[in-house]
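# Fold and geometry: a report
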Amino acid sequence: MFADETVGVVDFKSAWRKERDFHNSGTQTKPLKIDEAAVQALHKCDVQIQTDNDEKDYRLVEEADSEALAAFLRNIEPVISKVLSKNLQSTAFDGYSPADDLDSGQCNVIYTLNYEEHGGHLAVSSLNWNCTGSVLAASYARYDHEDWCTHKSSVCTWNINKTNVNGNKPDTVVDTSSCLMSLDFHPEQPALLAGGTFNGDILVWDFSRDTDMLIASSSKGDDSHNEPISKVMWYKVPGKKKLYHVLSVGLDGKMLVWKLDKDKNRLKLSKGYVLLAQHMPKSVKIKSSKRNPEMGVTSLDFSCVDEETFYIGSESGGMFRCSVNSQVSAGDSTSSISLVDPVKLTFLPHCGPVYSVNSSPYHRNLFLSCSSDSTLRVHSILQTQPVMVIEPASGYLYTVRWSPTKPLVFAVTTQDGRALIYDLKKSHWYSQSLHKMAVLSSTI
């Protein structure tokens, strides 16, 4: 039935696999050449130097040619006499006396300027020099408001380069319908002056005119401030060499940029920022019925190096670094433009309102702040904690400024009427008593 049977082997080549070929090969670099060599240099040189003998012929006066000297003096005498006579008629150095001791720490009063029409009922709220340094402007206000301001105020100017300066009679007086809180001259046009009132109005005057000096003002409504103006300044538009807009800062938390339209005698709102309470540390509690309340801005200053960076101090003591290019929306707003949240960094807050901030003109990372908590702080934008804290023990501190010529010197004004000057290099400070503001409130 069944039986085993052996058959032949059947094979076939693969249709898809190729046969492999193997080859052996070798390589060898050229023989390496190795050389050994030694070098040594030794050079000595002796040189001697000797100055030449000065063989110039110096003669004593009695040995000189007296006739030639006399002829020279006779020729030059009319010229010298003419110049000396002209100098006697010059008033360039009238009243000048050389300082015997520059480090005495003392200062003298040159002028006392006063506007007697206010009768001492209004205090000086702001001082500002024009870009030529010849005209000083002063605004007047009261700080005991309980409601809407109805006080009659004014802005006064004095030209101190005049021959006879009358300290009791300003050169120009412009009346306003409410208290003026801040002033700022245009950086390049000496006759343009911007001001902000207690009622939230922004005004611009042109003092080159004989009449109708008010050339522009902000409009009432949702596009204006609802609280007193704490600061007004001319704002240089980034990327534009000679284009300036008016920047106003208010206790309603708004920072508004206005474009001056001289043809229509108005200020047009072009951009706006708002400071929100959410940027304050959680340890600082702010009571408000709003979901995201605003904080009043009391001080502002731009970086002297980066024109897009500015620093602000708030009514609640907060300190912030901000950017004009921020695109973060501040939420719903009744304004015609969308308000922006500019805050980029929060610093350790003061324990009271921050009355002044100032950026260093020499160091891009440093700025100063002073507050009603009686402390003066040196800040660095590289850290949230202050670099240095100074307590003058003089009550409230109102204004702080870096020296424009000395990188480590700055000054601060105090509640007791003094100006304190600090020099960080010498690790000590000088102070000079000024007029007491409570007594001579209308005296500059």
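Here the structure is a predicted model, which is why all the values come from computation and not from measurement.

Looking only at helices and strands, the protein has one helix and 24 strands in total. Buried positions account for 38% of the 444 residues belonging to the protein. Expressed as a percentage of contacts within the protein between residues at least 6 apart in sequence, the contacts between residues at least 24 apart total 48%. Counting every atom, the protein has about 29900 Å² of accessible surface; 51% of that belongs to carbon and sulfur.

This next bit is on the nonpolar core. Counting 22 residues, the largest nonpolar core has Met-255, Leu-300 and Ile-312 as the members making the most contacts within it. For this core, the secondary-structure elements that each account for two or more residues are strand 9 (229–236), strand 10 (244–250), strand 11 (254–261), strand 13 (297–302), strand 14 (309–314) and strand 15 (319–323). Considering every element that reaches this core, the biggest residue donor is strand 13, with three residues. If sequence neighbours within four positions are ignored, Leu-300 has contacts with Lys-231, Met-233, Leu-247, Val-249, Met-255, Phe-310, Tyr-311, Ile-312 and Val-357. Counting 19 residues, the second largest nonpolar core, distinct from the first, contains Val-232, Trp-234, Val-246 and Leu-256.

With antiparallel pairing, four strands are arranged side by side in an open sheet as 17-18-19-20. A strand with exactly one partner marks an edge of an open sheet, and here the two such strands are strand 17 (354–359) and strand 20 (388–390). Ignoring which end each strand starts from, the neighbouring axes of this sheet average 20 degrees apart. As defined by bridge partners, strand 19 (residues 376–380) adjoins strand 20 across three bridges and the pair is classed as antiparallel. By the bridge assignment, Leu-376 is partnered in strand 20 with Ile-390.

So, about the sheet that holds strand 13. Strand order across the open sheet formed by four strands is 13-14-15-16, with antiparallel pairing between neighbours. Both outer strands of the open sheet, strand 13 and strand 16 (343–347), are each paired with one neighbouring strand and no more. Here the strands of the sheet are splayed against their neighbours by 25 degrees on average, with no regard to which way each runs. Relative to strand 15, strand 14 runs antiparallel, the two being bridged by five bridges. Across the sheet, Ile-312 pairs through a bridge with Phe-320, a residue of strand 15.

The next thing to look at is the side chain of Thr-414. Considering the arrangement of structural elements, one finds Thr-414 in strand 22 (residues 409–414). Residue classification places Thr-414 among the buried positions, given a relative accessible area of 2%. Reaching out from Thr-414, the side chain makes a polar contact with the side chain of Asp-416 at a distance of 2.3 Å.

Burial runs high along strand 10: seven of the seven residues are buried. Here strand 10 shows two buried faces, one formed by Tyr-244, Val-246, Ser-248 and Gly-250 and the other by His-245, Leu-247 and Val-249. Bridge count between strand 10 and strand 11: four bridges; the pairing is antiparallel. Directly across from Val-249, in strand 11, lies its bridge partner Met-255. Between the end of strand 10 and the start of strand 11, which pair antiparallel, lie three residues, with Gly-253 showing a positive phi angle near 90 degrees.

The phi dihedral of Asp-212 is positive, around 50 degrees, even though this residue is not glycine. Looking at the element boundaries, Asp-212 is found in the loop between strand 7 (202–206) and strand 8 (214–217). The backbone of Ser-374 sits at a positive phi, close to 70 degrees, despite the residue not being glycine. Note that Ser-374 resides in the loop between strand 18 (366–371) and strand 19.

Okay, the pattern of salt bridges next. Going through the model one piece at a time under the given rule, you end up with five salt bridges. One salt bridge in this structure joins Lys-162 and Asp-171, with 2.9 Å as the shortest N-O distance. Lys-236 is paired through a salt bridge with Glu-307; the nearest N and O atoms lie 3.6 Å apart. Taken as a pair, Lys-236 in strand 9 and Glu-307 in the loop between strand 13 and strand 14 lie far apart in primary sequence, 71 residues in all. Taking relative accessible area as the criterion, Lys-236 reaches 27% and is therefore assigned partly exposed. A relative accessible area of 33% places Glu-307 in the partly exposed class.

When pLDDT drops low, the exact placement of atoms in the prediction is not to be read closely. Taken as a whole, the protein shows an average pLDDT of 83; of its residues, 86% reach a score of 70 or greater. Throughout residues 432–444 the model reports pLDDT below 50, and contacts reaching past four residues in sequence, or to other chains, amount to 40 contacts.

This brings us to the packing of aromatic side chains. Following the criterion strictly, the structure yields 11 aromatic pairs and no others. Among the aromatic residues, those joined into a ring-pair cluster are Tyr-235, Tyr-273, Phe-302 and Phe-310.

For Asn-265, the position within the fold is in the loop between strand 11 and strand 12 (266–274). For the pair formed by Asn-265 and Val-204, sequence separation is 61 residues and the distance between their alpha carbons is 9.3 Å. In contact with Asn-265, not counting residues within four places along its chain, are Ile-215, Ala-216 and Ser-217.

What follows is about the environment of Val-173. For Val-173, the position within the fold is in strand 4 (residues 172–176). The class of Val-173 is partly exposed, set by a relative accessible area of 33%. For the pair Val-173 and Tyr-115, spaced 58 residues apart in the sequence, the C-alpha separation amounts to 9.2 Å. Aside from chain neighbours lying at most four places away, what touches Val-173 is Tyr-115, Ser-154, Val-155 and Cys-156.

Rules behind the numbers
- Position labels on residues start from 1 in each chain and follow its written sequence.
- Predicted model: local features are reported for residues with pLDDT of at least 70 only, side-chain atom pairs are reported and counted for 80 or more only, and whole-chain, interface and lining totals are derived from all residues.
- With hydrogens and water stripped out, all remaining heavy atoms of the structure feed into the side-chain values.
- A run of H or I in DSSP becomes a helix once it reaches four residues, and a run of E becomes a strand once it reaches two; helices and strands are each numbered from the N terminus.
- Any residue under 20% of the maximum accessible area for its type is buried, any over 50% is exposed, and the rest in between are partly exposed; the area is computed with a 1.4 Å probe on protein chains only.
- The contact rule is simple, with two residues in contact once any of their heavy atoms fall within 4.5 Å.
- The Shrake-Rupley method, run with a 1.4 Å probe sphere, supplies the accessible areas, and residue values consider only the shown protein chains as cover.
- What makes a nonpolar core is a set of buried Ala, Val, Leu, Ile, Met, Phe, Trp, Tyr and Cys residues whose side-chain atoms join them at distances within 4.5 Å.
- By this definition, two strands are paired if DSSP reports at least two bridges between them.
- In this analysis, axes come from line fits to C-alpha atoms, helices being fitted only over the stretch in contact, and the angle between any two N-to-C directions falls in the range 0 to 180 degrees.
- A 3.5 Å cut-off defines polar contacts: any pair of N or O atoms within that distance qualifies, except that in protein one atom must be a possible hydrogen donor and the other a possible acceptor, and neighbouring residues in sequence count only when both atoms are side-chain atoms.
- Think of a salt bridge as a Lys or Arg side-chain nitrogen and an Asp or Glu carboxyl oxygen that are within 4 Å of each other.
- Within a predicted model, pLDDT stands for the predictor's per-residue confidence, ranging from 0 to 100.
- Ring pairs shown here join Phe, Tyr and Trp side chains whose ring centres sit within 6.5 Å, with only the six-membered ring taken for Trp; geometry is labelled stacked below 30 degrees between planes, edge-to-face above 60, and tilted in between.

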